[in-house]
Amino acid sequence: MNHRNRVTFITNGTTSIMLTFVLLCMLTFSVLSLASANANMKLAQKNVNRTTAYYHAENEANSILFQIIECLDTTAQTNNETDFFQEITKNLQKIPNITITTNHQVQYFVSVEEEFILNITLEYSYWPFSDGKRYRILAWNTQSTHEWDANTPLPLV
């Protein structure tokens, strides 16, 4: 038998093509991994910014709440219920950015981001509630200030 006439299927050209294909696959996967990591980093940064903005708004809302509690505590020494409500209305009007309603409620808003606000509604009373406080939190939530339009296209970038 003559070994020179034997044809081999694996040659230098086949090996080079296979190596080039493997390198292209590795390059493609590394670019996809880099793009995915970059998108995850941007999303994480947006979450950090949003959470930070929310907690700053929460702190501002709590400072306004403490001013309201202080007004309630100082006004609680009045002799009767009618004087209490007259005095508390006068004292609460000194606090900026709050709205006093006719049914003994206080409402105020704190801006979280461009399109979100923190909405707080409190009810106050001359007689303490079951927990011993003269106020009760009725609402403490975020609301969107942006009006939704069904014809607005979504950015998919």
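Located above this text is the structure these notes cover.
This report concerns the structure included in the present document. (Residues numbered from 1 in each chain as written. Predicted model: local features only at pLDDT ≥ 70, side-chain atom pairs only at ≥ 80, totals over all residues. Heavy atoms only, no water.)

### Notes on helix α2 (residues 81-92)
With twelve residues, α2 ought to run about 16 Å at 1.5 Å a step, and its terminal C-alpha atoms sit 16 Å apart, in line with that. Lining the buried residues of α2 we find α1 (12-75), β1 (98-100), β2 (105-113) and β3 (116-124). (Helix = DSSP H or I, 4+ residues; strand = E, 2+ residues; numbered from the N terminus. Expected span 1.5 Å × (residues − 1). Contact = heavy atoms within 4.5 Å.)

### A short note on the packing of α1 against α2
The interhelical angle for the contact between α1 and α2, taken along N-to-C directions, is 145°, at an axis separation of 10 Å. The two elements α1 and α2 meet at a crossing, and its hand is right-handed. From α1, Ile 68, Cys 71, Leu 72 and Thr 75 reach across to α2, where they touch Phe 84, Glu 87, Ile 88, Asn 91 and Leu 92. Each residue belonging to the contact of α1 with α2 can be placed in one class, and the counts come to six nonpolar, two polar and one charged. (Axes fitted to C-alpha atoms, helices over the stretch in contact; angles between N-to-C directions. Left-handed = near helix turned anticlockwise from the far one by under 90°. Nonpolar A, V, L, I, M, F, W, Y, C, P; charged D, E, K, R; others polar.)

### Brief notes about the packing of aromatic side chains
Following the criterion strictly, the structure yields five aromatic pairs and no others. Each ring, one from Phe 84 and one from Phe 85, has its centre 5.3 Å from the other, and the planes form 70°; the classification is edge-to-face. Classification of Phe 85 as buried rests on a relative accessible area of 14%. When the ring of Tyr 126 is compared with that of Trp 127, the centres are 4.9 Å apart and the planes differ by 80°; the resulting orientation is edge-to-face. Judged by relative accessible area, which is 54%, Trp 127 ranks as exposed. A cation over an aromatic ring shows up here: Arg 50 above the ring of Phe 116, its NZ or CZ 4.2 Å from the ring centre. Lying across the ring of Tyr 126, Arg 134 places its NZ or CZ 5.8 Å from the centre. (Phe/Tyr/Trp six-rings, centres within 6.5 Å; stacked < 30°, edge-to-face > 60°. Buried < 20%, exposed > 50% of the residue type's maximum accessible area, 1.4 Å probe, protein only. Lys NZ or Arg CZ within 6 Å of the ring centre and 35° of its normal.)

### Points about the pattern of salt bridges
A complete count under the given rule lists two salt bridges for this structure. The partner of Lys 90 in a salt bridge is Glu 87, and the shortest N-O contact between them spans 3.7 Å. Placement of the pair is Lys 90 and Glu 87 together in helix α2, with a separation of three residues, close to one helical turn. Since its relative accessible area comes to 47%, Lys 90 is described here as partly exposed. Classification of Glu 87 by relative accessible area gives partly exposed; the value is 29%. Arg 136 is paired through a salt bridge with Glu 123; the nearest N and O atoms lie 2.7 Å apart. You can see Arg 136 sitting in strand β4 (residues 135-144) and its partner Glu 123 sitting in strand β3, a full 13 residues away along the chain. (Salt bridge = Lys/Arg side-chain N within 4 Å of Asp/Glu carboxyl O.)

### Describing unusual backbone geometry
Here the phi dihedral of Asn 97 falls at roughly 70°; this positive angle occurs in a residue that is not glycine. One can find Asn 97 in the loop between α2 and β1. Here Asn 97 falls in the exposed class, since its relative accessible area comes to 61%. Backbone geometry at His 104 places phi at a positive 60°, although glycine is not the residue there. Structurally, His 104 is set in the loop between β1 and β2. Residue class for His 104 comes out partly exposed when judged on its relative accessible area of 30%.

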